[in-house]
Amino acid sequence: MVKRMADITHWADVVADEVLQKGKKHLVATGITPSGHIHIGNMREVVTADVAYRALLDKGAQAEFIYIADTYDPLRKVYPFLDESYAQHVGKPLSEIPCPCGEHKSYSEHFLEPFLVALEHLGIRPRVYRADELYKQGLYTDAIKTALVKKDEIAAILQKVSGKTPAEDWSPYNPVCNVCGKINTTHVTGFDLDAETVDYTCSCGDQGTVSMKGGGKLTWRVDWPARWKALGVTVEPFGKDHASRGGSYDTGRALAKEIFEYEAPFPIVYEWIMLGKEGAMSSSTGVVVSISDMLKVVPPEVLRYLIIRTKPEKHIKFDPAQPLLNLVDEFERIHSMDEPGSYESRLIGLSHAAGICHTDIPFKHMTTIYQAAGGDFDRIMNIVSRSGYNTDNEKCIKELADNVGNWLEMYAPPFAKFSVKGELPVQAASLSDAQRAFLSSFADILAGSGELSGEDYHNMIYSAKDPGSELHIMMANTSGVDPVEMTVEPKDLFKAIYTSVLGQQSGPKAGWFLSSLEKDFLIERFRKAANYRP
RNA sequence: GGGCUCGUAGCUCAGUCAGGCAGAGCGUCUGGCUUUUAACCAGACGGCCUAGGGUUCAAAUCCCUACGAGCUCGCCA
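In this text the structure is predicted, and so the values were computed from the model without any measurement.

**What to know about the overall build of chain A**
- Along its length, chain A carries 21 helices and 13 strands.
- For a compact globule of 534 residues, the expected C-alpha radius of gyration is about 24 Å, and chain A comes in at 32 Å, more than 25% above that figure.
- Of the contacts made within chain A by residues no fewer than 6 positions apart, 70% connect residues no fewer than 24 positions apart.
- Of the side-chain charges in chain A, 57 are positive and 71 negative, and the distance between the mean point of each set is 4 Å.

See the structure below:
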């Protein structure tokens, strides 16, 4: 049987079907460490989880979706975007470090808050947990006790599965030092199951005791399976870095089964998002596009579409320059299909974000409207209505215009840009005599006309071909040629217009473009161009 | 070195799980829209499905091998 697009099952539904064979009740979990700006590579994890969650709900599962911010992880190093004063905080949990801008409760909140705002825009609404709070509330206490008691067993499993031998003084638990506040400089020396405390020594010289509630954290490979059990996680997407053999999913699965007696969640392994030609997105190489930057440029639905149209295990090439326009076009095309197939409908459904309005103006077209109007919103609205678009939803048009304006400024390739030059462009020097005759005649006619519509301009330019037209006769007179003998190529006239206004050979549809500019400005500009002989 | 994933039109990718005529969008070209101008509409061009072997009536799809690309593997997400 031939497979059509309509027969294709979206991967999220494939995942949901598979997961449902294990039960009706599910918890989809996702987690990211807010140690720096959360970029659109990280976003893949959350969007992937969200569509798996939606697919489960659609199939009648009893599903929940949580996001755990790993706020209790230590700061690994002084990242390039931090100042030197952060050296003293390396090794402390992110939730216990001061905010870089001073306006948030902590370092982790500084990066987490804009991310949570972005999630809201994307229509992603998980229950949000912060790891530091979970530890402080005692959610992990049972797991900590188990891990401390079964330390040697855990070490043996890690050794067997990952092939790495834990150090002699290894502990699954890392206390936070009472004195220096660091979590990666301590060694466990004992523990008390009844008092729920752990004793430690720290390389800063301190030795002391901490509570299992918030006094420290399980090491990552143990933390993960402990979390699965404590929260009841059954589905979790994670980057391929965790997926390799002997990696943290492998060890987590083994620990979950043998230590915590819990079945590891269904894994959804996803690939990285590659940025243009620059390779994988990564904060350390500086190859990063932040989510908030992207939301300035495209509607959230397009961002979701970018991610969900590709299976998780395939990498996504993403280029915010010209290829982004194709992405937007493609989304708009599917979105406005009269009779979408079931697969297209599914894509649109899964792309749906929150309360997003939609206009019938293509993004690409708005890039020319926006530039013709010089970014002025009143003039944009003028052009929009003159072009026959629906102007009822001004707010949506404003959103689109803002997106386009940001895109032009941040990512647009040079050939997509043009600007109405404030002064006569020097390229006007190359105009031919015939083009000059056109410009001066055109200006004279404009000076004697009332307001002209785009179509009027359009027709008038083409009338130059017609030997009987006013424009044609004036051009002939100016050139001192017999009107009947003179032939006119409209193409050259357009070039003359673009050259004198934009300083380039081509441009947007001339009719409505000219009608969006001030007539007096055009008259003056065309006359100047006609007479410009440097 | 071990492992994972990918390789399909100029570009971005569906289709591979479940074998049944090689697909879409973009780009290009041609034509249309009473007048080619970054809009819109129609059509065309475009392929050794990375290579080689195997299974099969039938393979892009399953199996093996090679090649190419990317990633991952030090308690470090």
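**Observations regarding the protein's contact with RNA strand B**
- Near RNA strand B you find 42 residues, and of these R76, W170, Y462, F494 and G507 are the closest.
- A breakdown of the atoms of RNA strand B within 4 Å of the protein gives sugar and phosphate a share of 60%.
- One nitrogen or oxygen atom from the side chain of W170 is found 2.4 Å from a base nitrogen belonging to RNA strand B.
- Contact between RNA strand B and K240: a sugar or linking oxygen at 3.0 Å from a side-chain N or O atom of the residue.
- With four residues, the top contributor of residues to the surface near RNA strand B is helix α19 (residues 490-502).
- A breakdown of the residues in the surface near RNA strand B according to their chemical character gives 15 nonpolar, ten polar and 17 charged.

**Overview of unusual backbone geometry**
- The backbone of E196 sits at a positive phi, close to 55 degrees, despite the residue not being glycine.
- Tracing the chain through its elements places E196 in the loop between β5 (186-192) and β6 (197-202).
- Phi at E261 takes a positive value of approximately 55 degrees, unusual for a residue other than glycine.
- Inspection of the secondary structure puts E261 in the loop between α8 (248-258) and β10 (266-270).

**Section: the packing of aromatic side chains**
- The final tally for this structure, using the stated rule, is 21 aromatic pairs.
- A centroid spacing of 6.5 Å and a plane angle of 25 degrees characterise the contact between F494 and Y498, whose relative ring orientation is stacked. A residue pair is termed a helical-turn pair when its members lie 3 or 4 positions apart in one helix, as F494 and Y498 do in helix α19 at four residues. Y498 shares its class with F494; the two are buried.
- Put simply, the rings of Y79, F81, Y86, Y107 and F111 pair up and form one aromatic cluster.

**Observations regarding the sheet that holds strand β7 (residues 207-211)**
- If you walk across this open sheet you meet the three strands as β5-β6-β7, and the pairing is antiparallel. On the outer flanks of this sheet lie β5 and β7, each paired with one strand and no other. Ignoring strand direction, the axes of neighbouring strands in this sheet form an average angle of 30 degrees.
- Direction of pairing for β5 relative to β6: antiparallel, over a ladder of six bridges. Across the sheet, the residue bridging to V188 is Y200, located in β6.

What counts and how
Residues numbered from 1 in each chain as written. Chains lettered and ligands numbered in written order. Predicted model: local features only at pLDDT ≥ 70, side-chain atom pairs only at ≥ 80, totals over all residues. Heavy atoms only, no water. Helix = DSSP H or I, 4+ residues; strand = E, 2+ residues; numbered from the N terminus. Rg over C-alpha atoms; globule rule 2.2 N^0.38 Å. Contact = heavy atoms within 4.5 Å. Lys, Arg positive; Asp, Glu negative; His and termini not counted. Charge placed at Lys NZ, Arg CZ, Asp CG, Glu CD. Near = heavy atom within 4 Å. Polar contact = N/O pair within 3.5 Å; in protein donor to acceptor, adjacent residues only side chain to side chain. Nonpolar A, V, L, I, M, F, W, Y, C, P; charged D, E, K, R; others polar. Phe/Tyr/Trp six-rings, centres within 6.5 Å; stacked < 30°, edge-to-face > 60°. Buried < 20%, exposed > 50% of the residue type's maximum accessible area, 1.4 Å probe, protein only. Pairing = 2+ DSSP bridges. Axes fitted to C-alpha atoms, helices over the stretch in contact; angles between N-to-C directions.

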